[in-house]
Amino acid sequence: MTEPAPSTRKDLGQGAWIDLDRTWMPGPEAATIQAALLAELEWETRPVRGPDGQETTQPRLVGWAGSLPYAYSGQTLPPRAPTTTLAALWARIESAAGGRFNHAVVN
């Protein structure tokens, strides 16, 4: 059995792509971060508006953080400070992506 490549890129077209780097966060570290996020974030379900205009409840829990309001699906998430774990993960993601983000949404 051959090991999968540690890093792959999938072209999504129109200048977009997705990178998968299997070495970026090893499984045990990912499990620790996931457990911390589950414990630290304020989780809730929220109403969303579908393409047909119908309002329904999201079929998942959502937690978020950001210094600006974040609008999607007919709702606006108010600003919320990141937890300690999310702030550290956010900085790591920005470093890896080479850019800055103004909001994080976690499902």
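Residues numbered from 1 in each chain as written. Predicted model: local features only at pLDDT ≥ 70, side-chain atom pairs only at ≥ 80, totals over all residues. Heavy atoms only, no water.

A word on the environment of T56
Link 1 in the chain: Take T56: it is sitting in strand 4 (residues 55-57).
Link 2 in the chain: Not counting residues up to four positions away in its chain, the partners in contact with T56 are R46, P47 and V48. (Helix = DSSP H or I, 4+ residues; strand = E, 2+ residues; numbered from the N terminus. Contact = heavy atoms within 4.5 Å.)

Remarks on a nonpolar patch on the surface
Link 1 in the chain: A contiguous nonpolar patch, built from W24, I93 and F101 and spanning about 260 Å² of accessible area, is present on the exposed surface.
Link 2 in the chain: Looking at where W24 falls in the secondary structure, it is placed in the loop between strand 2 (16-21) and helix 1 (27-40). (Patch = residues over 30% accessible without salt bridge, like charges linked within 9 Å, V, L, I, M, F, W, Y side chains within 5 Å. Areas by Shrake-Rupley, 256 points an atom, 1.4 Å probe, with all protein chains shown as cover. Salt bridge = Lys/Arg side-chain N within 4 Å of Asp/Glu carboxyl O.)

Regarding the pairing of strand 1 (residues 7-13)
Link 1 in the chain: With zero of its seven residues buried, strand 1 lies for the most part at the surface.
Link 2 in the chain: Two strands pair when backbone bridges link them, and strand 1 and strand 2 are joined in this way by six bridges, in the antiparallel orientation. Pairing of D11 across the sheet is with W17, part of strand 2.
Link 3 in the chain: Once strand 1 ends, the chain turns through two residues before running back antiparallel as strand 2, passing Q14 with a positive phi of about 55°. (Buried < 20%, exposed > 50% of the residue type's maximum accessible area, 1.4 Å probe, protein only. Pairing = 2+ DSSP bridges.)

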